[in-house]
Protein chains: 2
Amino acid sequence: MTKTMKISEAVVRRLPIYLRFLNELSKKNVTTVSSQDLGQKLDLNPAQIRKDLAYFGEFGKKGIGYDVDYLIEKIRQILKIDKVIPVALVGAGNLGRALCNYNAYLKDNMKIVAVFDAQGTKIGESINNLKVKSMDELCPIIQELKVRIGIITVPAAEAQAVANQFVESGVEAILNFAPIIIKVPSEVRVHHADFTAELQSLAYYLD
Amino acid sequence: MTKTMKISEAVVRRLPIYLRFLNELSKKNVTTVSSQDLGQKLDLNPAQIRKDLAYFGEFGKKGIGYDVDYLIEKIRQILKIDKVIPVALVGAGNLGRALCNYNAYLKDNMKIVAVFDAQGTKIGESINNLKVKSMDELCPIIQELKVRIGIITVPAAEAQAVANQFVESGVEAILNFAPIIIKVPSEVRVHHADFTAELQSLAYYLD
DNA sequence: TAGATTGTTAATCGATTAACAATC
DNA sequence: TAGATTGTTAATCGATTAACAATC
């Protein structure tokens, strides 16, 4: 089953969740884990976890479970974060700063290597050892640093223009925090991190 | 179809997306919109949009479409954001500050009315006209201000403890930004806003 | 060997999409 | 009236879960 199968988005979204918990286990020197254990901790069905992993290979041992460190290695390979991935961020506001500082935490190979802002007053400021650059420099810097993923933390009104610049510069995927649906060519992947929508949908479940 | 039906989570998550775009239309004085138009702008199937809305009532007119302002009103009612919902936030770090400042933007009736932090140095600071309070005051303040939703922006190690405090104080729903699965009683709704996971799953789609 | 747990198939469940009568 | 678009049913598609042979 390792070969050409289209893996559903739902599966891909669970992999980082598995990875994070496995990292915790590894830190605690737990060497083996079963789909049972994982399911309990992550509120997921064990069969689902086994099936998710089986899309990519046979990582477990019958009767035993999964070797924690081996599974970590495999999931990192699947997610392509076994090598450092250079990331750029546009929008040095509060949220942008928060993400840059978070950077240290995500030692999981996603590294913010450049920060841009349109506002003159922000340019030159330092955020977490990175100097904020002007938008004019976006394309050359992205190409020089081989940035593959772009993060958008600008107001909604500017998000589409930033996305366009990312695409023109050759960015392959975008994480958009602006509360608007941005349009990009189909070969560019966009995820929306939309906490106002998240908050509003929570309200629905109030009694 | 208006009566007792369990509405799927996927449907509820789309409502804020509809709402946001409808608000834009309203600002531009567009009075009517079809499921066709909506689908095109939001990258969704028109049939799905009609079906989503039909779960809650007959809001459209055959041959015409939906009245923008009427639909806005209805969706706000469905999401229960037709009245102000008091929200509390714990964790006055970069991300917490970002969300508090965002507050102004979400005039959509989700109002952050209290901010807490465990760190002594943060207590007393002002963020967007709110004084940061100590964790000791969490329970009484939440009850006094009738806070219904809690936001967690503390490090992963502290998230579960904060969730517990929220639950004990009577909070009904939680938006968790900490990269960990928190456990709460089944009557409390939790959404996870997890951008490290989001970023990692993006990497999968790189070539 | 007996017990545990995987990988995988089959069964179930749920969500999306197509199609169309009703009707503005 | 003719054209457009809803609300809704039926068809399709896809994802989750159960079950179990294989095997450590």
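Rules used throughout
- Residues numbered from 1 in each chain as written.
- Chains lettered and ligands numbered in written order.
- Predicted model: local features only at pLDDT ≥ 70, side-chain atom pairs only at ≥ 80, totals over all residues.
- Heavy atoms only, no water.
- UniProt positions renumbered as here; feature names shortened; annotations may be inferred.
- Helix = DSSP H or I, 4+ residues; strand = E, 2+ residues; numbered from the N terminus.
- Near = heavy atom within 4 Å.
- Polar contact = N/O pair within 3.5 Å; in protein donor to acceptor, adjacent residues only side chain to side chain.
- Domains from an automatic or database assignment.
- Contact = heavy atoms within 4.5 Å.
- Buried area = accessible area lost by both parts, 1.4 Å probe.
- Salt bridge = Lys/Arg side-chain N within 4 Å of Asp/Glu carboxyl O.
- Nonpolar A, V, L, I, M, F, W, Y, C, P; charged D, E, K, R; others polar.

- Per an unreviewed UniProt entry, chain A carries the name Redox-sensing transcriptional repressor Rex and comes from Paenibacillus cremeus.
- UniProt, in its Subcellular location (unreviewed entry) section for chain A, records the words "Cytoplasm".
- Recorded in UniProt under Function (unreviewed entry), the annotation for chain A is "Modulates transcription in response to changes in cellular NADH/NAD(+) redox state."

A look at the UniProt feature "DNA-binding region" (unreviewed entry) in chain A
Right, so step 1: The feature "DNA-binding region" (unreviewed entry), as given by UniProt, occupies residues 17-56 of chain A in the numbering adopted here.
Right, so step 2: For residues 17-56 of chain A, the helix share is 70%, the strand share is 5%, and the end-to-end C-alpha distance is 16 Å.

Brief notes about the protein's contact with DNA strand C
Right, so step 1: Taken together, 24 residues form the shell around DNA strand C, and within it S35, R50, G60 and Y66 of chain A together with S8 of chain B come nearest.
Right, so step 2: At the protein interface, 62% of the atoms of DNA strand C within 4 Å belong to sugar or phosphate.
Right, so step 3: In the model, a phosphate oxygen of DNA strand C is placed 2.8 Å from a nitrogen or oxygen of the G60 of chain A main chain.
Right, so step 4: With respect to DNA strand C, the backbone of K62 of chain B contributes an N or O atom lying 3.0 Å from a sugar or linking oxygen.
Right, so step 5: Breaking the surface near DNA strand C down by element, the ones donating at least two residues are α3 (46-54), β2 (60-61) and β3 (65-67) of chain A together with α1 (9-27) and α3 (46-54) of chain B.

Details of the domain arrangement of chain A
All names here are of chain A.
Right, so step 1: Domain boundaries in chain A define domain 1 (9-78) and domain 2 (85-198).
Right, so step 2: Between domain 1 and domain 2, the residue contacts involve four residues of the former and five residues of the latter.
Right, so step 3: Summing the contributions of domain 1 and of domain 2, the shared interface buries around 330 Å²; its carbon and sulfur component is 23%.
Right, so step 4: At the junction of domain 1 with domain 2, the criterion picks out one salt bridge.
Right, so step 5: The tally of links between domain 1 and domain 2 comes to one residue pair in polar contact (both at pLDDT 80 or more).
Right, so step 6: If one sorts the elements of the side of domain 1 that touches domain 2 by residue count, helix α1 (residues 9-27) sits on top with three residues.
Right, so step 7: Looking at the side of domain 1 that touches domain 2, its residues break down into no nonpolar, one polar and three charged.

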